[in-house]
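Here's the letter readout for the chains.
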Amino acid sequence: MPAELDPSAGDALLGAPQHETEERLRAARKIAEDALRANATRFGLVIETQRDVAAAALDLDDVMKLICERTQLVTRAGSAEIVLIRDGELVLGAASGFSTRNVGDRVSKAGTLSGWAFENDESAFCMDTEDDPRIDEATAAGEGTRSMVVVPLRHAGQTVGLIQVMSDKPDCFQIEDLNTLELLSVVLSSAMSHASEFEAKRAQVEALARFEAMVTAAVIGIAVVDRNGRVVETNPALSEILGYGPEELLGRSLNDHAHPGDITTEAVAFDELMHGERDAYRLEKRYYAKSGDLVWAYVAVSPVPDADGNPHVAIEMIEDITQRKLAEEQLREHAERSEHQALHDALTGLPNRVLFQDRIEQGLLQAERDGGRIGVLLLDLDHFKEINDTLGHASGDHVLKEVSARLQACVRASDTVARLGGDEFGLLLPGLGDPAEIAHVLDKLTAAIQESIELEGLPLGIEGSIGVAFYPEHGRDVQTLVKRADSAMYAAKQDNRPYAFFEHPTESSEPTRASLVCELRLALDRGELDLYYQPKARLTDGSVQSVEALLRWFHPERGLTLPDEFIPHAQETGLMKPLTLHVLDRALGQLHAWDAEGLELAVSVNVGTRNLIDLGFPDDVAAALAKWGLPATRLELEITESTVLQDPHRTGIVLDRLDALGIRLSIDDFGTGYSSLAYLHRLPVSEIKIDRSFVTNMEHDEDGAVIVRSTIELGRNLGLAVVAEGVEDAETCSLLAELGCDSVQGFHLSHPLPAAELATWLRSRVGAAAAASR
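Residues numbered from 1 in each chain as written. Predicted model: local features only at pLDDT ≥ 70, side-chain atom pairs only at ≥ 80, totals over all residues. Heavy atoms only, no water.

A.B. asks: Help me out: how do you make sense of the overall build of the protein chain in this one?
C.D. replies: Secondary structure assignment for the protein chain yields 27 helices and 27 strands. Residues counted as buried form 45% of the 774 residues belonging to the protein chain. Of the contacts made within the protein chain by residues no fewer than 6 positions apart, 59% connect residues no fewer than 24 positions apart. With the model as given, the accessible surface of the protein chain reaches about 39500 Å², and the carbon-plus-sulfur share is 52%. (Helix = DSSP H or I, 4+ residues; strand = E, 2+ residues; numbered from the N terminus. Buried < 20%, exposed > 50% of the residue type's maximum accessible area, 1.4 Å probe, protein only. Contact = heavy atoms within 4.5 Å. Areas by Shrake-Rupley, 256 points an atom, 1.4 Å probe, with all protein chains shown as cover.)

Written out as structure tokens, the structure reads:
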């Protein structure tokens, strides 16, 4: 404390000379007067700040900024800050002066005077940050602060922030500065209280205005109804929905305009609502508009409680969903039509293959419960293609519809007749008794089919082949029964019988065949099947433009298993189709890969009887080509004479469709069958392959040489390319060239090779040819 103000100095003054005593008293008075003036100035600034805050339009950000500026001015500080507490963190709310932080920045609590004041909830005074144990030296040095004062800021009984001043010089503040900050904190606390009250009232007014605007502008109808359901208030949208003006709705119940069938249900719900037995309810309801039109509405009703918490009125929100209901009805009708179309044949209206298999599935479940017996029949019309070709498709459609009607007339109402595609039909006969019963039905079906149909004034005879399989004798699942009925139908067609029952293979061969077929199915999934490729070269220039895909099975126990060992068994089962599609996919995928390597080739794939009587096979081939983005001209399918002759009618349909796709067709093993030249000429084939049995040792086999020479001449006369298989030496190759053969294939050219080895072989062959030309 200065000596001039120290009471103990009085004794010294008593002994001092008179003039010195007066001088000292004048100095003391001046200091006191200066202090009073400083305090008055400080207090005046606080009062002025309070007045300015009151005029600051209650904007809290402006208030905090104003107080920061006044605080810095009053305390002569280098900077002033207001720090707010948000979620337990210190955040800068306002600042003035040399403060390096931005509004919204976090303020550290660790090792700072701000943090100490926050944690202890009391004011803090620091003359020099370098000597204050509450402050971390590194933190103080980083902020450039040497002295500071911090005062807690309280609102509604809680500490909500801090007001603080800082200086970059030590010993900058006095105890009066602390008092000033405490006064300013009271001013700021009061301002915050008024601002929060004002914001709350303004928010309430704005929310009410927004709600009223929302209700008025809402596109859904809104009505306030009393405890009796009478309308107290409504919005324009409700009038638009129902066509009644507000004056026509007020005081009346909306149920006065409701569909009679919907009144009782809502009346019960509304009564429970107004008695506090439920919180709210939603329902779909029909109203009659003023125009008489029926309006579908989605209604949501909520209670509004009174001061005691009891339901007083209710708010009903009514959304017009008439168009949605109409759309749903149209979608339902469309779905029903689509479902019917998806499960029924468009021409005959009979169930299709999908529904037929589902009916079998249901029949199997019933038979298993009852211990019953069911029959699955497959029927195929003979020579139906000739009807389409000679009389036109309209006549063919007439035959199919007539046959459908006859089949239905021969069976019971509980039976199912389905059209499976083309001229193939399926029949499901549940609840069968002894075999004599099915024989009677088969005789009726055969007689009905064979009865002539009049087309263009002429009677036309129709024949068909029927295959039969029974549950449980021939199978216990849908696929097995259909497969075995198909096998029986195929047997009937081969033996020229009207119908045939499935017959199990002999006991001696069945275990081996069944085991092999089962393992073959697994081999498809395990990737044990691979493709080798054998090139086919032109005799004119030696170029290789196509390869034949040959299936190889690397059995984990038997080792390499050739197609001759397993293809015949696959032909007898339903495995031939997935096996062929697997080979097609792998072969076309390899072409795609070779294209990327700059090797453009075509590939030929062998197909069997099962493929050529499958009317869906051309679509499968087209899908495989589309998958790999390849043109049909890059694929050749090889068929045998015997395959074609198994069912000329159906194979003719399939071959025509394949030819229409642009796929090349080749007759493999030519000369081993018994086809007539006239029939061969009618087939859409572009190539014949002479069987290796005639080509091998043709130099020493006169009969073989004659057949080869005749086949080459036949091909030339029919405009077909001729390929010789089994060429094993250069002499045979030269002789075939002299005879005019187009291409050769055999060990002399190359053994079948894996894809990678074939690519290497082709590149070396092209390189050798290029070197020879130089």
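A.B. asks: Looking at this model, I keep getting lost on the nonpolar core. Mind explaining?
C.D. replies: What tends to happen in soluble globular proteins is that the nonpolar side chains get buried as a cluster. In terms of nonpolar packing, the biggest core is built from 76 residues, with Y533, W594, L635, L637 and L736 touching the most fellow members. For this core, the element with the most residues is helix α18 (residues 576–596), which contributes eight residues. What W594 contacts, discounting residues up to four positions off in sequence, is Y533, V547, L599, L601, A755, L758 and A759. In this structure, L350, F425, L427 and I453 belong to the second largest nonpolar core, which totals 29 residues. (Core = buried A, V, L, I, M, F, W, Y, C linked by side-chain atoms within 4.5 Å.)

A.B. asks: Explain helix α20 (residues 617–628) to me, please; I cannot follow it from the model alone.
C.D. replies: Because each turn of an α-helix spans 3.6 residues, side chains separated by three or four positions in sequence point in the same direction. In a regular helix each residue adds 1.5 Å, so 12 residues correspond to 16 Å; α20 covers 17 Å between its end C-alpha atoms and thus fits that length. Taken together, the buried positions of α20 are occupied by F617, P618, V621, A624 and L625. Each buried residue of α20 lies within a common arc of 120° when the element is viewed along its axis, so the set occupies one face. α20 presents A626 and K627 as exposed residues on the side facing more than 90 degrees away from its buried surface. Of the surrounding secondary structure, the elements contacted by the buried residues of α20 are α18, α19 (609–612), β23 (635–640) and α22 (648–661). Positioned one or two residues after α20, G629 has a phi angle of 65°, which is positive. (Expected span 1.5 Å × (residues − 1). Arc of directions from axis to C-beta.)

A.B. asks: I would appreciate a short explanation of the packing of helix α11 (residues 353–370) against helix α15 (residues 478–494) in the present structure.
C.D. replies: Packing of α11 against α15 brings their axes to within 10 Å, and their N-to-C directions diverge by 115°. Regarding α11 and α15, the two cross each other, and that crossing is right-handed. Residue-level inspection shows Q357, I360, E361 and L364 of α11 in contact with α15, the latter providing V478, L481 and V482. (Axes fitted to C-alpha atoms, helices over the stretch in contact; angles between N-to-C directions. Left-handed = near helix turned anticlockwise from the far one by under 90°.)

A.B. asks: When you look at the pairing of strand β13 (residues 416–421) in this model, what are you seeing that I'm missing?
C.D. replies: Each regular strand displays side chains that alternate between the two surfaces of the sheet. Of all six residues in β13, five are buried, a share of seventy percent or more. The pairing of β13 with strand β14 (residues 424–429) spans five bridges and is classified as antiparallel. Opposite V417, over in β14, you have L427 as the bridge partner. (Pairing = 2+ DSSP bridges.)

A.B. asks: What am I meant to see in the pairing of strand β22 (residues 602–606) here?
C.D. replies: The buried count for β22 comes to four of five residues, which makes it a mostly enclosed element. Judged from the three bridges that link them, strand β20 (residues 544–555) and β22 form a sheet pairing that is parallel. Of the residues in β22, the one forming a bridge with V547 is V603. Relative to β23, β22 runs parallel, the two sharing four bridges. Note that in β23 the partner of S604 across the bridge is E636.

A.B. asks: Would you take a moment to explain the pattern of salt bridges for this structure?
C.D. replies: Side-chain pairs of opposite charge can arise where the charged atoms are in close proximity. Evaluation of the coordinates by the stated rule reveals 39 salt bridges. Residue K285 pairs with E266 through a salt bridge whose shortest N-O separation is 1.9 Å. Of this pair, K285 sits in strand β9 (residues 281–288) while E266 sits in helix α9 (residues 260–274), and the two are 19 residues apart along the sequence. Salt bridges sharing partners connect three or more residues here, namely E284, R324, K325 and E328. (Salt bridge = Lys/Arg side-chain N within 4 Å of Asp/Glu carboxyl O.)

A.B. asks: Sorry if this is basic, but what is going on with the confidence of the model for the protein chain here?
C.D. replies: Any residue range with low pLDDT should be treated as having predicted coordinates unsuitable for detailed reading. On average, residues of the protein chain carry a pLDDT of 82, and 83% of them reach 70 or more. Across the protein chain, the secondary-structure element scoring lowest on mean pLDDT is helix α1 (residues 9–15), at 47, and the one scoring highest is β22, at 96. Of the regions scoring below 50 in pLDDT, residues 1–14 engages in eight contacts with residues more than four places distant in sequence or in other chains. Counted against residues more than four places away or in other chains, residues 506–511, with its pLDDT under 50, gives one contact. (pLDDT = per-residue confidence, 0-100.)

A.B. asks: Hey, could you run me through the environment of L635 in this one?
C.D. replies: Of note, L635 is situated in strand β23. Residues L635 and G662 lie 27 residues apart in sequence; the distance between their C-alpha atoms is 8.9 Å. Setting aside residues up to four positions removed in sequence, L635 forms contacts with L584, L588, V603, V605, V621, L625, I663 and R664.

A.B. asks: Quick question: what am I supposed to make of the sheet that holds β13 here?
C.D. replies: Strand pairing in a sheet relies on backbone hydrogen bonds, with the paired strands running either antiparallel or parallel. Read from one edge to the other, the open sheet built from five strands follows the order β13-β14-β12-β17-β18, with strand pairing classed as mixed. Two strands lie at the open edges of the sheet, namely β13 and β18 (499–501), each paired on one side alone. Put simply, the sheet's adjacent strands are angled 20° from each other on average, direction ignored.

A.B. asks: For this particular structure, what's the right way to read unusual backbone geometry?
C.D. replies: Of note, the bond from Y471 into P472 is cis; its omega dihedral lies within 30 degrees of zero at 10°. Its place among the elements puts P472 in the loop between β17 (464–471) and α15. Although it is not a glycine, D87 adopts a positive phi angle of roughly 55°. Here D87 shows up in the loop between β1 (79–86) and β2 (89–97). Taking relative accessible area as the criterion, D87 reaches 81% and is therefore assigned exposed.

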